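# Coordinates in review
Residue strings, one per chain:
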Amino acid sequence: MGSIPDTTPSFRVFIAGGSYAGLSAALNLVDLGDGLSPRMANEPYSHHPSVPKVNFQITIADERDGYYHLIGSPLALADSEYAEKAWVQFKDIPALQLPNIRVVQGSVSSVNCEAKTATVVDSITKEATAHQYDYFVAATGLRRVWPVVPQSLARKQYLLEAEGQIDALDSARDGVVIVGGGACGIEMAAELKHVKPHLDVTLVHSRDRLMSSEPLPDECKDKALEMVKEAGVQVLMNHRLASSTKVDSSNGSPKYEIEFANGHTMVASTVIMALSKSTSTTSYLPSSATDSEGLVKILSNMSFEPSTPNAASHFCAGDAAKWSGIKRCGSAMHGGHYVAHNIHQSVLKQIADHRPKFQELQEIPPMIGLAVGKNAVAYGPDIGVIAGPEVMEAYFRDDLGWGIIVLTSKYNAVCWDWMQLGNRKPHIKTQETKS
């Protein structure tokens, strides 16, 4: 056990990734350091009477220059006004403008868990810098391909990228074909038809049910198909793409001849591959920390498994973690909150006569919320399958979950308002310190 400090103790926390999990971990940790209950807590936090505050010096490293609302991609790449809103530079996020939070734009190239050092390569200068830390959080998620997410690293380039996609869609005289009937393809097709009703939009999927790779009940998948058709999207099931060839067009619009494995052919002005093909981003970690797919092996308290040096000082939250459940922003933010709680408990164990009470992840059952034009379908073990415009209002409203707080499940809370990114100081009902 450590001795009680005479002054406010200081600890360095390095967070790799500035999206849902990373920002959640950082801001809940700021609350705890200030002697408050974390902003995402469902009940008051009991602070140690002898350590009311901790000075957490937080460094967030991210390849992008801002926070991008990932689940808004289907709308951001179809509507210019929404695209402007979906990406906010870190320097313009009020909650991050604190003296103990530093954001660096760059990619984490390596982490020495034994020496507790993270190396970051600057996105602009390409220079490498080393960062010493006391606690490390892996929150870089998964790398997703275009057009599932933009590939730009700066907001200015992202807006050009989005505008190019939107312009191409506006001139798609022969229609748009979206390949892939997972959640991304469904939302992209429905949002595109909703924003640009004049377009012919066709969603094609290689299996006999949408979201075929997800462990969801058939009722949920069938309802998604029903609603995407109601949105005006043509749907071709059991159609596996064989080839897509660009050909000359008489009307000046791009044109592709598309052939499927079953022999069916069609033409379109634009072909969008909405296949996830997500890959791990954790190559910066030692091999002892990850499985064969690059997912971080964690314990229920979200720390690394003991095979990695200083495992108890290293945590992972979000899509990069090897844990049950469908990869979703709600569970990423929930995990970030737990990581903040557990880092604070680890600090108290280190410096005070304290037995830590860690928050522990339970097995996360399959659940989903899916925006389908003006409607939405959702599934969870407690609610079953629900669908309709009222579900859209509750889960997404009119901005694909930019700022709302969903109350039906603790894993569904999204996004800007829930993390209180627009507030320099958190609005927390219970802020007293308990002995």
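Structure: above.
Residues numbered from 1 in each chain as written. Predicted model: local features only at pLDDT ≥ 70, side-chain atom pairs only at ≥ 80, totals over all residues. Heavy atoms only, no water.

Let us look at the packing of helix α1 (residues 20-33) against helix α7 (residues 329-351). One way to put it is that α1 packs onto α7 with a least axis distance of 7 Å and a crossing angle of 35 degrees. The hand of the α1/α7 crossing is right-handed. Here Tyr-20, Ala-21, Ser-24, Ala-25, Asn-28, Leu-29 and Leu-32 of α1 come into contact with α7, specifically with Cys-329, Ala-332, Met-333, Gly-336, His-337, Val-339, Ala-340, His-341, Ile-343 and His-344. Each residue belonging to the contact of α1 with α7 can be placed in one class, and the counts come to 11 nonpolar, 6 polar and no charged. (Axes fitted to C-alpha atoms, helices over the stretch in contact; angles between N-to-C directions. Helix = DSSP H or I, 4+ residues; strand = E, 2+ residues; numbered from the N terminus. Left-handed = near helix turned anticlockwise from the far one by under 90°. Contact = heavy atoms within 4.5 Å. Nonpolar A, V, L, I, M, F, W, Y, C, P; charged D, E, K, R; others polar.)

Glancing now at the packing of aromatic side chains. Taken as a whole, this structure holds 8 aromatic pairs when the rule is applied. Consider the rings of Tyr-68 and Trp-87, whose centres lie 5.8 Å apart with planes at 50 degrees: the pair is tilted. Highlighted residues: Tyr-68 in strand β3 (residues 66-68) and Trp-87 in strand β4 (residues 87-89), separated in sequence by 19 residues. The exposure class of Tyr-68 is buried, given its relative accessible area of 3%. The exposure class assigned to Trp-87 is buried, which follows from its relative accessible area of 1%. Between Trp-87 and Tyr-158, the aromatic rings sit 4.8 Å apart at their centres with planes inclined by 25 degrees, giving stacked as the arrangement. (Phe/Tyr/Trp six-rings, centres within 6.5 Å; stacked < 30°, edge-to-face > 60°. Buried < 20%, exposed > 50% of the residue type's maximum accessible area, 1.4 Å probe, protein only.)

If you trace the 3 strands from one edge of the open sheet to the other, you get β13-β14-β15, paired in antiparallel fashion. The open sheet is flanked by β13 (241-247) and β15 (265-268), the only strands paired with a single partner. The sheet shows a mean angle of 20 degrees between the axes of neighbouring strands, direction not considered. Pairing geometry for β13 and strand β14 (residues 255-260), over 6 bridges, is antiparallel. Directly across from Lys-246, in β14, lies its bridge partner Tyr-256. (Pairing = 2+ DSSP bridges.)

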